[in-house]
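Residue strings, one per chain:
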Amino acid sequence: MMNIKPSAAIRKNYNQISDLCRKTGEPVYLTKNGAGDLVVMEVESFARRESLLKLKEKLLQSEHDIQRGNNYRVDEMITA
(Lines give C-alpha, C1' and ligand atoms only; values in the text may rest on other atoms or scores of the structure.)
Protein backbone atom coordinates (compact mmCIF):
# COMPACT_ATOMS: atom_id res chain seq x y z
CA MET A 1 0.00 0.00 0.00
CA MET A 2 1.38 3.38 -0.99
CA ASN A 3 1.23 6.07 1.70
CA ILE A 4 0.54 9.48 0.17
CA LYS A 5 0.14 12.66 2.22
CA PRO A 6 0.05 16.37 1.41
CA SER A 7 3.30 18.19 2.20
CA ALA A 8 1.56 20.20 4.94
CA ALA A 9 1.13 16.92 6.85
CA ILE A 10 4.84 16.73 7.63
CA ARG A 11 4.66 20.05 9.48
CA LYS A 12 1.40 19.33 11.24
CA ASN A 13 1.75 15.59 11.91
CA TYR A 14 5.47 14.82 11.97
CA ASN A 15 5.13 12.21 14.75
CA GLN A 16 2.25 10.47 12.98
CA ILE A 17 4.20 10.25 9.72
CA SER A 18 7.32 9.10 11.57
CA ASP A 19 5.32 6.36 13.30
CA LEU A 20 3.78 5.30 10.00
CA CYS A 21 7.23 4.97 8.41
CA ARG A 22 8.52 2.95 11.36
CA LYS A 23 5.48 0.64 11.57
CA THR A 24 5.25 -0.14 7.87
CA GLY A 25 8.92 0.12 6.86
CA GLU A 26 7.60 1.84 3.74
CA PRO A 27 8.15 5.39 2.49
CA VAL A 28 5.55 8.13 2.72
CA TYR A 29 5.11 10.13 -0.46
CA LEU A 30 4.46 13.83 0.06
CA THR A 31 2.59 15.89 -2.50
CA LYS A 32 2.67 19.62 -3.15
CA ASN A 33 -0.23 21.16 -5.03
CA GLY A 34 -1.41 17.65 -5.89
CA ALA A 35 1.85 16.53 -7.49
CA GLY A 36 4.61 14.33 -6.08
CA ASP A 37 7.24 16.35 -4.25
CA LEU A 38 9.21 14.36 -1.62
CA VAL A 39 9.61 10.89 -0.19
CA VAL A 40 10.14 10.35 3.54
CA MET A 41 11.29 7.08 5.06
CA GLU A 42 12.75 5.67 8.24
CA VAL A 43 16.57 5.60 8.26
CA GLU A 44 16.99 1.85 8.78
CA SER A 45 14.61 1.07 5.91
CA PHE A 46 16.53 3.48 3.70
CA ALA A 47 19.85 1.85 4.63
CA ARG A 48 18.43 -1.62 3.81
CA ARG A 49 17.20 -0.40 0.43
CA GLU A 50 20.57 1.14 -0.34
CA SER A 51 22.35 -2.12 0.59
CA LEU A 52 19.99 -4.12 -1.61
CA LEU A 53 20.53 -1.76 -4.54
CA LYS A 54 24.31 -2.08 -4.19
CA LEU A 55 24.04 -5.86 -4.01
CA LYS A 56 21.82 -5.96 -7.10
CA GLU A 57 24.33 -3.76 -8.92
CA LYS A 58 27.17 -6.15 -8.04
CA LEU A 59 25.11 -9.17 -9.10
CA LEU A 60 24.24 -7.56 -12.41
CA GLN A 61 27.91 -6.73 -13.01
CA SER A 62 28.81 -10.34 -12.20
CA GLU A 63 26.23 -11.60 -14.69
CA HIS A 64 27.72 -9.34 -17.37
CA ASP A 65 31.22 -10.57 -16.51
CA ILE A 66 30.11 -14.20 -16.76
CA GLN A 67 28.52 -13.53 -20.15
CA ARG A 68 31.84 -12.02 -21.32
CA GLY A 69 33.71 -15.10 -20.07
CA ASN A 70 35.35 -13.41 -17.09
CA ASN A 71 35.61 -15.75 -14.12
CA TYR A 72 36.68 -14.99 -10.55
CA ARG A 73 37.79 -17.08 -7.60
CA VAL A 74 35.61 -17.06 -4.47
CA ASP A 75 38.32 -15.32 -2.42
CA GLU A 76 38.46 -12.52 -5.01
CA MET A 77 34.72 -11.93 -4.68
CA ILE A 78 34.68 -11.93 -0.88
CA THR A 79 37.24 -9.12 -0.71
CA ALA A 80 35.62 -7.12 -3.52
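Rules used in this analysis
Residues numbered from 1 in each chain as written. Predicted model: local features only at pLDDT ≥ 70, side-chain atom pairs only at ≥ 80, totals over all residues. Heavy atoms only, no water. Helix = DSSP H or I, 4+ residues; strand = E, 2+ residues; numbered from the N terminus. Rg over C-alpha atoms; globule rule 2.2 N^0.38 Å. Core = buried A, V, L, I, M, F, W, Y, C linked by side-chain atoms within 4.5 Å. Buried < 20%, exposed > 50% of the residue type's maximum accessible area, 1.4 Å probe, protein only. Contact = heavy atoms within 4.5 Å. Arc of directions from axis to C-beta. Pairing = 2+ DSSP bridges. Axes fitted to C-alpha atoms, helices over the stretch in contact; angles between N-to-C directions.

So, about the overall build of the protein. The number of helices and strands found in the protein is four helices and three strands. Along the protein, helices (α) and strands (β) appear in the sequence β-α-α-β-β-α-α when read from the amino end. Relative to a compact globule of 80 residues, whose C-alpha radius of gyration would be 12 Å, the protein shows 19 Å and is clearly more extended. The dimensions of the protein, computed from C-alpha atoms along their principal axes, are 55 × 25 × 20 Å.

A word on the nonpolar core. Counting residues in each nonpolar core, the largest one holds five residues, listed as Ala9, Ile17, Cys21, Val28 and Leu30. Those elements that provide at least two residues to this core are helix H2 (14–24) and strand E2 (28–32). Residues within four places of Ile17 in sequence aside, it is in contact with Ala9, Ile10, Val28 and Leu30.

On to H2. Within H2, burial applies to Ile17, Ser18 and Cys21. Projected down its long axis, H2 carries its buried residues within an arc of 100 degrees, all on one side. Along H2, exposed side chains directed more than 90 degrees from the buried face belong to Asn15 and Lys23. The inward-facing, buried residues of H2 abut helix H1 (8–12), E2 and strand E3 (35–40). Phi for Gly25, located one or two positions after H2, is positive at around 70 degrees.

Strand order in the open sheet made by the three strands is E1-E2-E3, with mixed pairing throughout. Single-partner strands in this sheet number two, and they are strand E1 (3–6) and E3. On average, each strand axis in the sheet is tilted by 35 degrees relative to the strand beside it, whichever way the strands run. In this structure, E2 lies alongside E3, joined through five bridges in antiparallel fashion. Bridged to Lys32 within E3 is Ala35.

Time to look at the side chain of Asp65. Structurally, the position occupied by Asp65 is in helix H3 (residues 43–67). On the accessibility criterion, Asp65 (8% relative accessible area) is buried. Not counting the four nearest positions on each side in its chain, Asp65 is found in contact with Asn70 and Tyr72.

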